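# Structural overview
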Amino acid sequence: MKYAVVLPVGLGSMGEPADVLRLTRHAEALGFESVVAVEHAVVVSDTGSRYPYAPDGRLALPDTLAYPDPLELLAFLAGATDRIGLATGVLVLPNHNPFVLAKRLATLDRLSGGRLRICAGVGWMREEIEACGGDFTRRGRAADESIRLMRALWESTAPEGLDFQGEFHSVRGAHSYPKPYAGRVPLHIGGHSRAAARRAGRLGDGFQPLGLAGEELQAAITLVRETAVEAGRDPGEVELTLGSTLPRAADRTEWAQDLGAERLLLSGSRHATTLDAFCEELTDCAAKSGPT
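These notes cover the structure that comes with them. Everything numeric here is computed off the predicted structure, so don't read it as measured data.

Neither face of strand S3 (residues 85-88) is left uncovered, since the one carrying Gly85 and Ala87 and the one carrying Leu86 and Thr88 both have all their residues buried. Two strands pair when backbone bridges link them, and strand S2 (residues 34-37) and S3 are joined in this way by 4 bridges, in the parallel orientation. Paired with Val35 across the strands is Leu86, a residue of S3. You can see the chain leave S2, run along helix H2 (residues 70-78) and come back into S3, and the turn it takes is right-handed. Bridge analysis of S3 against strand S5 (residues 116-121) gives 2 bridges, and the strand direction is parallel. Across the sheet, the residue bridging to Ala87 is Arg117, located in S5.

For the pair H2 and helix H3 (residues 98-111), the least separation of the axes is 10 Å and the interaxial angle reads 15°. One finds that H2 runs roughly parallel with respect to H3. Between H2 and H3 lies a crossing of left-handed hand. Contact residues: Leu71, Glu72, Leu74, Ala75 and Ala78 in H2; Leu101, Arg104, Leu105 and Leu108 in H3. Across the contact of H2 with H3, the residue classes tally to 7 nonpolar, no polar and 2 charged.

Inspection of the secondary structure puts His40 in the loop between S2 and H2. In terms of polar contacts, His40 uses its side chain to reach the side chain of Glu128, at 3.0 Å. If near-sequence neighbours (up to four positions away) are discounted, His40 is found in contact with Leu59, Tyr67, Trp124, Met125 and Glu128.

Definitions and limits used
- Residues numbered from 1 in each chain as written.
- Predicted model: local features only at pLDDT ≥ 70, side-chain atom pairs only at ≥ 80, totals over all residues.
- Heavy atoms only, no water.
- Buried < 20%, exposed > 50% of the residue type's maximum accessible area, 1.4 Å probe, protein only.
- Helix = DSSP H or I, 4+ residues; strand = E, 2+ residues; numbered from the N terminus.
- Pairing = 2+ DSSP bridges.
- Right-handed = clockwise from strand over helix to strand, strands pointing away.
- Axes fitted to C-alpha atoms, helices over the stretch in contact; angles between N-to-C directions.
- Parallel < 35°, antiparallel > 145°, perpendicular 65-115°, else oblique.
- Left-handed = near helix turned anticlockwise from the far one by under 90°.
- Contact = heavy atoms within 4.5 Å.
- Nonpolar A, V, L, I, M, F, W, Y, C, P; charged D, E, K, R; others polar.
- Polar contact = N/O pair within 3.5 Å; in protein donor to acceptor, adjacent residues only side chain to side chain.

Given below as structure tokens:
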């Protein structure tokens, strides 16, 4: 089992270099597999969109909370660490031009020696996506095309360049260098909907279900595997990441393995309200779970 750690954006200090470096270097020294950065390009007050991961549909964090750009943050951490993986969860694809994003991801992966993993989704806040120029109603189709286009840009080495014709983007003779360290950046799909599960089965290197438990979680995992088979893929190639908290990691490992997961994505408990408390939970988790 791999153990990843969500950078605790709720503390409000993950944009402060001393704090985020202290936490990430501590996680690396303890043997955690990766750190994970979340994204909100912009937060809109009094959003009419329903936050799907809370019973009341509201995002509990304050509108003025600091959300560092995840790729800039991970690039900063890449230069200050040696081994720990660098991941997003969840990168909101409709917020990004896929040509620019493909270049940013390839560069970060190359410079970090292949330590990057992307977990991407289609987002839930209509106002954020529209502010960034995306079409909320067509964001699923646009995300599928963005994934295909980015992979084509990473893989194309033809002297004449890449020709791509899609619904949202077209190009002829395109070249995009540098290439990712191992030829492509692992791209997982995050979300809670059937559409997200199907997208993971068709296109994802992995699936990270969000806000699901019990029968709903099992149904989503089954749908990923069924969709992979329908797409002519080996469902075993779609890596599964499940969530837990740091204090519960040891108890949840067997549960995650039984569901076929290869990674637990760990957040701090409700008691980890300071950086010291969060680092203490990292230490305790490592002692009980022996993360690799």
